[in-house]
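Examination of the molecular architecture
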Amino acid sequence: MELKQFCEGIKLSPPAQEIVYTYLMNENEYQSYKQDFYNNRFSFFERVKQTSEYRILFLYLFVRFAVDAYDEYRIRGIEDEVYFDTFADIQLWCLRCKHDFDEYGIQEYNWLQEHVQLRLFKLGRLQFQPFVFDRDIELQGRMIYKNQVVLNVHIPEGEPLTPHKTQESFVRAKTFFRGITPVFICHSWLLYPQLDEVLPSDSNIIQFQNEFHIYEVDPDSKEAEQRIFNGSSSDPSSYAEHTTLQRSAKAYLIAGNKLGSGFGIKI
């Protein structure tokens, strides 16, 4: 996999591509960073963060780590579509960095290390990550046990969360992770039960939520506000009202309600 082929494959923004192509680092230095990453990622994170413009350095390194990971994808027989779809998260988080810090780079370095180490894959609309469950729980007469390996579901920004697309992803995951019993868990603001007071029953979010049995709720989570309004505030009246969801959520919060997050399981 060539650097340019990768950047174009994940549709990395042209200014970000230029940063990657022109970044000055010799091969010995790169190999030193790569060795640190695989030996002790926490030490690696701290090393990078000690540099000036560390977000730009993270962008450069994660792009190169992703390029290097292509050989392992080939060895495992994973198709290029999954490879590029999975690493397209670099573009999403690069744009988020531009929005939050006014520079093309990466701030979500701890998240992207999962992709590089082949612990997370995007299969259609959803991302899946093998995960050790933290409790015993019975659902529909079936036991899910503590320490059982399940599939953690993540919902990246971007495309609409249509029922057809989500079902397609769940089906693909059952085939892709053949050695794992198809039990899906998800922790997200999309699973907060009171969202049905904000959204109509036929909305994509509510239909996605209905796929899961909600077994725990965190009413104090600010994830919903961060996702809906691109940030959170102690004064909900300051929130934007550009979309129907923003208007409904803002009114709900001003009325004294909360928008938290939920933990769900699907079998």
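A short tour of the structure in this document, coming up.

Inspection of the secondary structure puts Lys 122 in strand E1 (residues 121-123). The class of Lys 122 is buried, set by a relative accessible area of 10%. At a separation of 2.7 Å, a polar atom in the side chain of Lys 122 contacts the main-chain carbonyl oxygen of Gly 124. A polar side-chain atom of Lys 122 sits 3.3 Å from a polar atom in the side chain of Glu 159. Ignoring any residue separated from it by four or fewer positions in sequence, one finds Lys 122 in contact with Val 82, Asp 85, Thr 86, Gln 127, Pro 156 and Glu 159.

Here we take up the sheet that holds strand E2 (residues 126-132). Strand order in the open sheet formed by six strands is E1-E2-E5-E6-E8-E7, and the pairing between neighbours is mixed. The sheet is open, and its two edges are formed by E1 and strand E7 (213-218), each paired on a single side. Sheet twist, expressed as the mean angle between neighbouring strand axes with direction ignored, is 30°. Of the pairings in the sheet, the one linking strand E6 (residues 184-188) to strand E8 (residues 261-266) comprises five bridges and is antiparallel in character. Paired with Phe 184 across the strands is Lys 266, a residue of E8. Sheet strands touched by helix H9 (residues 163-176): E1, E2, strand E5 (149-154), E6 and E8. Its angle to E2, the strand with the most contacts, is close to 45°.

Packing of helix H3 (residues 27-39) against helix H5 (residues 54-75) brings their axes to within 11 Å, and their N-to-C directions diverge by 80°. Relative to H5, the element H3 lies roughly perpendicular. From H3, Glu 27, Tyr 30, Tyr 33, Lys 34 and Phe 37 reach across to H5, where they touch Leu 57, Leu 61, Phe 62, Arg 64, Phe 65 and Asp 68. Looking at the contact of H3 with H5 residue by residue, the classes come out as seven nonpolar, no polar and four charged.

The next subject is the nonpolar core. Counting residues in each nonpolar core, the largest one holds 75 residues, and the members touching the most others are Phe 6, Leu 61, Phe 62, Phe 87, Ile 90, Phe 208 and Leu 259. With 14 residues, the single largest contributor to this core is H5. In contact with Phe 62, not counting residues within four places along its chain, are Phe 37, Phe 45, Ile 90, Tyr 109, Leu 112, Gln 113 and Val 116. If you look at the next biggest cluster of nonpolar residues, it comprises ten residues, including Ile 137, Val 150, Ile 185 and Tyr 215.

About the cut-offs
Residues numbered from 1 in each chain as written. Predicted model: local features only at pLDDT ≥ 70, side-chain atom pairs only at ≥ 80, totals over all residues. Heavy atoms only, no water. Helix = DSSP H or I, 4+ residues; strand = E, 2+ residues; numbered from the N terminus. Buried < 20%, exposed > 50% of the residue type's maximum accessible area, 1.4 Å probe, protein only. Polar contact = N/O pair within 3.5 Å; in protein donor to acceptor, adjacent residues only side chain to side chain. Contact = heavy atoms within 4.5 Å. Pairing = 2+ DSSP bridges. Axes fitted to C-alpha atoms, helices over the stretch in contact; angles between N-to-C directions. Parallel < 35°, antiparallel > 145°, perpendicular 65-115°, else oblique. Nonpolar A, V, L, I, M, F, W, Y, C, P; charged D, E, K, R; others polar. Core = buried A, V, L, I, M, F, W, Y, C linked by side-chain atoms within 4.5 Å.

All quantities given are derived from atomic positions and should not be read as evidence of function.
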